[in-house]
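Single-letter residue listing:
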Amino acid sequence: MKKLLPLVTAAAVAFSLVGCSSSSSAAASTAAASSAATGNAAKPLCWFNRQPSNSSTGELDKTALNFNDSTYYVGFDATQGAELQGQMIADYITKNAATIDRNGDGVIGYVLAIGDIGHNDSIARTRGVRGALGTAVTGSDGKADYQPVGTNTDGSSKDVQDGKVGSLKVRELASQEMKNSAGATWDAATAGNAVGSWSSSFGDQIDIVISNNDGMGMAMFNAWSQANKVPTFGYDANSDAVAAIANGYSGTISQHADVQAYLTLRVLRNSLDGVDIMTGISKADDAGNVLTDADYKYVADERSFYALNLAVTADNYKDFTDSTVTYKPVSTQLDSSKHATKKVWLDTYNSADNFLGSTYVPLLQKYDKLLNLSVEYIAGDGQTESNITNRLGNPSEYDAYAINMVKTDNAASYTALLK
Ligand code: BGC
């Protein structure tokens, strides 16, 4: 259920938690803290959606996360959300045990669309699904393997094993990174084509369709699984996916984009105002905006805010039908006489990304007004960092920056421009 606590209650809860919670950490620095950096290098910077990190090992890029004293990352808790997605699917299997095995072969077969094998959210979701369905194996790095299997209809893949949910045997029949020929990842059209070829070679064995996101999940639902009444699960709670729950899409996860979009701009606003970074986050601001510990967590040594995820299924989808509505507890306009308009440069890595384009950016466009920020929005081609960095020709024109990289390894291509 979405939290719609009255402001006063929400504020009281938040205050009562201060001091005992890691998310309301006293270690969060005051945004205006003095820094050796000057000029553009000292301006507030928020990484969002793609956390600066090594795309092979997942190790955080602490240099980028500590670029200056006003640098933060905003995303969501990938592990918590991934476990929730896996659990939602396992619960569905348990609940529908009597009917789920479509061809009665004694194996619950699923196919999995993987977004980007170098993206930490995608990796977490693949692991979350395999973990909950018992199909995960330990990879060479000692952690759960997240590699695509290609096809595994005979159960011989080394990257997964046959799992169990209750007494039912589960098999990952196929999985693939959905990357198009131009290199764009999380590619919905590629996922639609993949389910077409999987279904034509082993369609009657497919009992469940799973995707790392709704963009790809909906492409598979529209291409095949809706017509064949095969349960389909995605992630993101995009409005079209939530609406499709009424027509048989089985479930998705809300990554609380309404909280993430707020935090993305809020940390910039606070840094520009020179106030405690937790203003309007764990502490009510002068307009009464505040979040609670149920909405997000803050990990001080990662300089990162993570929104918490919620499962969206047939039981509760009506609360999530419009993914672009701002979160009520943080939807009060700031007074422009106290928070003067500032200019922000913000990019999204791919103009064709369903989640960013249909959910995140529309939310940002509402919060920018509430927070008195004049934001210039740039969208990349999803493939080359230079397509975006070329459009940050004059960083001095802006008071702050919000950055969504094509690849999580590439933070330095942006910070190099902020001198
Ligand atoms: C979203 C995906 C999106 C990706 C882009 C993920 O957090 O869930 O849908 O495509 O971010 O970076």
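Residues numbered from 1 in each chain as written. Predicted model: local features only at pLDDT ≥ 70, side-chain atom pairs only at ≥ 80, totals over all residues. Heavy atoms only, no water.

*Asks:* Sorry if this is basic, but what is going on with the site of the ligand here?
*Replies:* Near the ligand lie 13 residues; those nearest to it are N49, R50, N213, D236 and D353. Take N213: an N or O atom from its side chain is 2.8 Å from an oxygen atom of the ligand. Within the contact set of the ligand, an oxygen atom lies 3.0 Å away from a side-chain nitrogen or oxygen of Q255. When the free accessible area of the ligand is taken as 310 Å², the share hidden by the protein chains comes to 100%. Here the residues of the shell around the ligand sort into four nonpolar, four polar and five charged. Residue assignment places the shell around the ligand across two domains, with domain 1 (23-75 + 258-418) and domain 2 (97-230) each supplying three or more. (Near = heavy atom within 4 Å. Polar contact = N/O pair within 3.5 Å; in protein donor to acceptor, adjacent residues only side chain to side chain. Areas by Shrake-Rupley, 256 points an atom, 1.4 Å probe, with all protein chains shown as cover. Nonpolar A, V, L, I, M, F, W, Y, C, P; charged D, E, K, R; others polar. Domains from an automatic or database assignment.)

*Asks:* When you look at the environment of D409 in this model, what are you seeing that I'm missing?
*Replies:* Among the structural elements, D409 can be located in the loop between β15 (400-403) and α11 (411-415). If sequence neighbours within four positions are ignored, D409 has contacts with S53, N54 and S55. (Helix = DSSP H or I, 4+ residues; strand = E, 2+ residues; numbered from the N terminus. Contact = heavy atoms within 4.5 Å.)

*Asks:* Is there a simple way to think about helix α3 (residues 78-95) in this case?
*Replies:* Residues lying three or four places apart along an α-helix face the same way, a consequence of the helix completing one turn every 3.6 residues. If you check α3, its first and last C-alpha atoms are 26 Å apart, about what 18 residues at 1.5 Å a residue would give, namely 26 Å. Among all positions in α3, only A78, G81, A82, Q85, G86, M88, I89, A90 and I93 are buried. Residue D77 occupies the N-cap position of α3, its side-chain oxygen lying 3.3 Å from the main-chain nitrogen of T79. (Expected span 1.5 Å × (residues − 1). Buried < 20%, exposed > 50% of the residue type's maximum accessible area, 1.4 Å probe, protein only.)

*Asks:* Got a minute to help me understand the pattern of salt bridges in this structure?
*Replies:* Opposite charge on two side chains lets them pair, provided their charged atoms get close. A complete count under the given rule lists ten salt bridges for this structure. Here D162 ties to K169 by a salt bridge, and the two come within 3.8 Å at their closest N and O atoms. Assessed through its relative accessible area of 33%, K169 is described here as partly exposed. A salt bridge links D273 to R269; the shortest N-O distance between them is 2.8 Å. Residue D273 and its partner R269 are located together in helix α8 (residues 257-273), separated by four residues, close to a single helical turn. Three or more residues joined by partner-sharing salt bridges are found here, namely D162, K169 and R171. (Salt bridge = Lys/Arg side-chain N within 4 Å of Asp/Glu carboxyl O.)

*Asks:* So what exactly am I meant to see when it comes to the side chain of D145 here?
*Replies:* Here D145 is to be found in the loop between α4 (120-133) and β4 (150-151). Nearest to the buried, unbridged D145 among oppositely charged side chains is R130, at 4.3 Å. A distance of 2.8 Å separates a polar atom in the side chain of D145 from the backbone nitrogen of Q147. Residue contacts for D145: discarding those within four places in its chain leaves R127, R130, V137, T138, G139, K158 and D159. (Lys, Arg positive; Asp, Glu negative; His and termini not counted.)

*Asks:* Please clarify how the confidence of the model for the chain should be interpreted in this entry.
*Replies:* Note that predicted coordinates carrying low pLDDT should not be read in detail. Predicted confidence across the chain gives a mean pLDDT of 92, with 91% of residues reaching 70 or more. Every residue in residues 1-34 is under pLDDT 50, and counting partners more than four places away or in other chains gives 61 contacts. (pLDDT = per-residue confidence, 0-100.)

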